[in-house]
Amino acid sequence: MANTLDHNHALYLHPSDTTGAPIVSIQLTGSDNYSIWSRAMRIQLLGKNKLGLIDGTLKREDVAENLGHQWDKCNAIVLGWIMSSVSKKLVTGIVYAKDACRVWEDLKERFDKINASRIYQLHKEIATLCQGTNSVSTYFTKLKELWDEYESMIPACRDREFVEHLHRQKLMQFLMGLNENYEQARSQILMTNPTPNVSKAYAMIIEREIQRAVSNVTSGGRVEATDKGYMTDLPKPPQFTADQYNQIMMMLNKDVPQNTMANMDLLSGRIKGIGKEKDGLYLFLPADEREEMSEGLSAQEKELDVSLWHRRLTHASGGAMRAILGLPIENCRDVIDKCDVCPLAKHTRLPFHSSDSKSTEIFQLLHLDVWGPYSTSTVDGNKYFLTIVDDYSRVT
């Protein structure tokens, strides 16, 4: 008899209707996701024409006697779909059930909690949601999920004026959460008559985002769409060779004469022009004077101020300075031995002066110490600690 059922019959089973795999990708864990899980399950069961087995419209006593076995098979398959889409801790309460409708009602009674706390939480999340570092599409998707969950809690009977008010409210919420760089597009949308709905506003913002990405492309670049928005693939900057890097390091160490400006090529390291200040302007020198001053600058490049580079590198060790500057280790050690900061930086505290004084009563002598700043602040935002120790009682 089952084979003769029409494919539109509620008890008809397609060859793909098996209990081996869940029919929804969402797994029920509790009250937090029951709303979206039940909606997804109802959509799938409606598509498979098995919704009557959970809403009570297709009971066993309502079918013909010769279709009783077929109803049992359909009921078992729906029970299997429910068990495969709930968490393991909920399966034990379903596996012994015999009626899919009773299981559905039991889950609804336990987890369908549309209370004031959840509605308040949804309102708060919608009001405080901002685009931030997300793309417009990601921000809109998150906002739409919150809207859909909230609408599922609203009574289905709604008049036209309420629906229009709801659409305007969505539009304002979407525009308020956009970043400030969309201020011009936001103003344009609000001045449009008639005011577009939130879907059209989203399309206008996406179009503006694409235009901004295209305008940022320079010659040789291209626009690439990613999950984070639109990124521009710009040409890579030129890479310096080892010789060019050494020349730049030399230029940073140069001592240019006072009131003199040297115009240098950063790629080649060559001096293109030298000028002296006159009345607030730098005038290029003649060729012969320029060559003499350039030779003087080149001579100064040959000697590195090891002490200066030791301070620039935040008092680096001799091995680090030798690796960076290529200097002999002896020169680096001489500079480090003469440095006053290096040994002080390694001290955990300054030495205390020895004292033979002893107290004979409390509060006669107190030891105070201030320590900080600590990397992690206290609850009140403090980073320093004051320790007071009584010399006589040793109370801290």
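Residues numbered from 1 in each chain as written. Predicted model: local features only at pLDDT ≥ 70, side-chain atom pairs only at ≥ 80, totals over all residues. Heavy atoms only, no water.

**Student:** Just give me the short version of the overall build of the chain, but keep the residues and values in it.
**Tutor:** Assigned secondary structure in the chain consists of 16 helices and 7 strands. Counting across all 396 residues of the chain, residues that qualify as buried make up 28%. Contacts in the chain between residues at least 24 apart in sequence constitute 48% of all its contacts with a sequence separation of at least 6. Taken as a whole, the chain presents about 27,600 Å² of accessible surface, with 53% of it coming from carbon and sulfur. (Helix = DSSP H or I, 4+ residues; strand = E, 2+ residues; numbered from the N terminus. Buried < 20%, exposed > 50% of the residue type's maximum accessible area, 1.4 Å probe, protein only. Contact = heavy atoms within 4.5 Å. Areas by Shrake-Rupley, 256 points an atom, 1.4 Å probe, with all protein chains shown as cover.)

**Student:** Before we move on, could you go through unusual backbone geometry and cite the residues and values that matter?
**Tutor:** The amide bond that connects Asn 193 to the next residue, Pro 194, takes the cis arrangement and shows omega of 0°. Along the chain, Pro 194 turns up in the loop between helix H9 (183–191) and helix H10 (198–215). For the peptide bond that leads from Gly 372 to Pro 373, omega is -5°, which places it in the cis range. With respect to the secondary-structure elements, Pro 373 resides in the loop between strand E6 (366–371) and strand E7 (385–390). For Asn 49, which is not a glycine, the phi torsion comes out positive at approximately 60°. Tracing the chain through its elements places Asn 49 in the loop between helix H1 (34–47) and helix H2 (52–55). When its relative accessible area of 33% is taken as the criterion, Asn 49 is described as partly exposed. Backbone geometry places His 315, a non-glycine residue, at a positive phi of 55°.

**Student:** Hey, could you go over the environment of Ala 185 for me, with residue numbers and the actual values?
**Tutor:** Structurally, the position occupied by Ala 185 is in helix H9. Once residues within four sequence positions are removed from consideration, Ala 185 is found in contact with Ile 205 and Arg 208.

**Student:** Break down helix H8 (residues 160–176) for me, with residues and values.
**Tutor:** Taking 1.5 Å of rise per residue, 17 residues should cover 24 Å, and H8 covers 25 Å from first to last C-alpha, within 8% of that figure. Looking only at H8, the buried set comprises Leu 166, Lys 170, Leu 171, Gln 173, Phe 174 and Leu 175. (Expected span 1.5 Å × (residues − 1).)

**Student:** Describe in detail the pattern of salt bridges, supporting the description with residues and values.
**Tutor:** Side chains that differ in charge, positive against negative, can pair when their charged atoms come close. Tallying each qualifying case throughout the model produces 8 salt bridges. For Arg 110, the salt bridge goes to Asp 106, with nearest N and O atoms at 3.4 Å. Pair noted here: Arg 110 and Asp 106 are both in helix H5 (residues 100–111), with a separation of 4 residues, about one helical turn. When its relative accessible area of 33% is taken as the criterion, Asp 106 is described as partly exposed. (Salt bridge = Lys/Arg side-chain N within 4 Å of Asp/Glu carboxyl O.)

**Student:** Explain the confidence of the model for the chain residue by residue, including any values.
**Tutor:** Looking at the chain, pLDDT values average 76 and 73% of them are 70 or higher. Between residues 296–303, whose pLDDT stays under 50, and residues either more than four places distant or in other chains, the model counts 10 contacts. (pLDDT = per-residue confidence, 0-100.)

**Student:** Any details on the side chain of Ser 87? Residues and values, ideally.
**Tutor:** Summarising the element assignment, Ser 87 is placed in the loop between helix H3 (68–83) and helix H4 (88–91). Residue classification places Ser 87 among the buried residues on the basis of a relative accessible area of 9%. In this structure Ser 87 touches Gln 27, Leu 28 and Thr 29, once residues within four positions along its chain are discounted.

**Student:** How would you sum up the packing of aromatic side chains? Please name residues and give values.
**Tutor:** Scanning all chains against the criterion turns up 10 aromatic pairs. Relative to Phe 174, the ring of Phe 140 lies with its centre 5.4 Å away and its plane at 85°, an arrangement referred to as edge-to-face. Of this pair, Phe 140 sits in helix H7 (residues 136–151) while Phe 174 sits in helix H8, placing them 34 residues apart in sequence. Of the two residues, Phe 140 and Phe 174, both sit in the buried class. A centroid spacing of 5.6 Å and a plane angle of 40° characterise the contact between Trp 371 and Phe 385, whose relative ring orientation is tilted. Remark: Phe 385 occurs in strand E7 and Trp 371 occurs in strand E6; sequence separation between them is 14 residues. Overall, the relative accessible area of 35% leaves Phe 385 in the partly exposed class. (Phe/Tyr/Trp six-rings, centres within 6.5 Å; stacked < 30°, edge-to-face > 60°.)

**Student:** Explain the nonpolar core to me, and be specific about the residues and the numbers.
**Tutor:** Soluble globular proteins tend to pack their nonpolar side chains together in the buried interior. Counting residues in each nonpolar core, the largest one holds 32 residues, and the members touching the most others are Trp 37, Ile 82 and Leu 107. Broken down by secondary-structure element, the contributors of at least two residues to this core are H1, H2, H3 and H5. Of all the elements, H3 adds the most residues to this core, at 7 residues. Residues in contact with Trp 37, not counting those within four places in the same chain, are Val 24, Ile 26, Gln 27, Leu 28, Ser 85, Val 86, Trp 104 and Leu 107. If you look at the next biggest cluster of nonpolar residues, it comprises 21 residues, including Phe 140, Leu 143, Leu 175 and Val 198. (Core = buried A, V, L, I, M, F, W, Y, C linked by side-chain atoms within 4.5 Å.)

**Student:** Pulling in residues and values, what's your account of the packing of H3 against H5?
**Tutor:** As a packed pair, H3 and H5 sit with axes 9 Å apart at the nearest point and diverge in direction by 30°. As the angle between them shows, H3 and H5 are arranged roughly parallel. Across the interface between the two elements, Asn 75, Val 78, Leu 79 and Ile 82 of H3 pack against Ala 100, Val 103, Trp 104 and Leu 107 of H5. Across the contact of H3 with H5, the residue classes break down as 7 nonpolar, 1 polar and no charged. (Axes fitted to C-alpha atoms, helices over the stretch in contact; angles between N-to-C directions. Parallel < 35°, antiparallel > 145°, perpendicular 65-115°, else oblique. Nonpolar A, V, L, I, M, F, W, Y, C, P; charged D, E, K, R; others polar.)

**Student:** Tell me about H7, and please be specific about residues and values.
**Tutor:** Helical periodicity: at 3.6 residues per turn, an α-helix aligns residues three or four positions apart in one direction. With 16 residues, H7 extends 22 Å from end C-alpha to end C-alpha; this agrees with the ideal 22 Å at 1.5 Å per step. Within H7 the residues assigned to the buried category are Val 136, Tyr 139, Phe 140, Leu 143, Leu 146, Trp 147 and Glu 149.

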